[in-house]
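Below, each chain spelled out in residue letters.
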Amino acid sequence: MEQLEKHRRPRRTKREKLEEELVRTEETIEQYTAALADMQEKKQMLLEEIENEQIREVTKILKEKKLSVGQLRELLKDEAEAAVQGA
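Source: prediction; values computed, not measured.

Chemist: In this structure, what is going on with the overall build of the protein chain? I would like to understand it.
Modeler: When helices and strands are counted, the protein chain shows three helices and zero strands. Beginning at the N terminus, the succession of helices and strands in the protein chain can be written as α-α-α. Oriented by its inertia axes, the alpha-carbon framework of the protein chain measures out at about 95 × 30 × 15 Å. The buried share of the protein chain, taken over its 87 residues, is 1%. Accessible surface, the protein chain as shown: approximately 8,900 Å² in total, 56% of it carbon and sulfur. One way to put it: in the protein chain the 18 positive side-chain charges average out to a point 6 Å from where the 21 negative ones average out.

Chemist: What exactly am I supposed to notice about the environment of alanine 82 here?
Modeler: Here alanine 82 is to be found in helix 3 (residues 69-86). Sequence separation between alanine 82 and arginine 12 is 70 residues, and the spatial gap between their C-alpha atoms is 77 Å.

Chemist: What's the story with a negative patch on the surface in this structure? I'm lost.
Modeler: Judged by side-chain charge, Glu74, Asp78, Glu79 and Glu81 come together as a negatively charged surface patch. Turning to its location among the elements, glutamate 81 is positioned in helix 3. In this structure glutamate 81 comes out as partly exposed when scored by relative accessible area, which is 39%.

Chemist: Explain the pattern of salt bridges to me, please; I cannot follow it from the model alone.
Modeler: Opposite charge on two side chains permits pairing when their charged atoms draw close. Taken as a whole and assessed by the stated rule, the structure comprises four salt bridges. Ionic pairing is found between arginine 12 and glutamate 20, a salt bridge with its closest N-O pair at 2.1 Å. For arginine 12, a relative accessible area of 35% gives the class partly exposed. For glutamate 20, a relative accessible area of 27% translates into the label partly exposed. Glutamate 21 is paired through a salt bridge with arginine 24; the nearest N and O atoms lie 2.5 Å apart. With glutamate 21 and arginine 24 both in helix 2 (residues 14-65) and three residues apart, this pair spans about one turn of that helix. Judged by its relative accessible area of 39%, glutamate 21 is partly exposed. On the basis of relative accessibility, which here comes to 43%, the residue arginine 24 falls in the partly exposed class.

Cut-offs used in this document
- Each chain has its residues counted from 1, following the order in which its sequence is written.
- Owing to the predicted nature of the model, reporting of local features is limited to residues with pLDDT of at least 70; listing and counting of side-chain atom pairs is limited to 80 or more, with chain, interface and lining totals taken over all residues.
- Think of the side-chain values as coming from all heavy atoms in the structure, minus any hydrogens and water.
- Counting from the N terminus, the helices are DSSP H or I runs at least four residues long and the strands are E runs at least two residues long.
- We call a residue buried when its accessible area falls under 20% of the maximum for its residue type, exposed when it is over 50%, and partly exposed in between, using a 1.4 Å probe and counting protein chains only.
- Note that accessible areas follow from Shrake-Rupley with a 1.4 Å probe, and for residues the cover is restricted to the protein chains shown.
- Positive residues here are Lys and Arg, negative ones are Asp and Glu, while His and the chain termini are left out of the count.
- Charge placement uses NZ in Lys and CZ in Arg. For Asp and Glu, CG and CD serve respectively.
- A patch consists of residues exposed above 30% relative accessible area that lack any salt bridge, with like charges linked at up to 9 Å and nonpolar side chains (Val, Leu, Ile, Met, Phe, Trp, Tyr) linked at up to 5 Å.
- Any Lys or Arg side-chain nitrogen located within 4 Å of an Asp or Glu carboxyl oxygen qualifies as a salt bridge.

Spelled out as structure tokens, the structure:
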């Protein structure tokens, strides 16, 4: 029985338990912060990919319709002015 008591770890105090919980909580916060940063980076990449795809779609339409960027700009400008006058 005496040998078992020698190898036993002393009971942790409430303060020690709370400190350990604090460390675990801080580690979890760090993990979530890192995960959030990764997700924000992924979001930005997806937004850029979407924008690039939209540009490709517009470029494809321009080629199909044999329009220049300047012509498209004029069409959009005329359409916007017509919408404002109609409103």
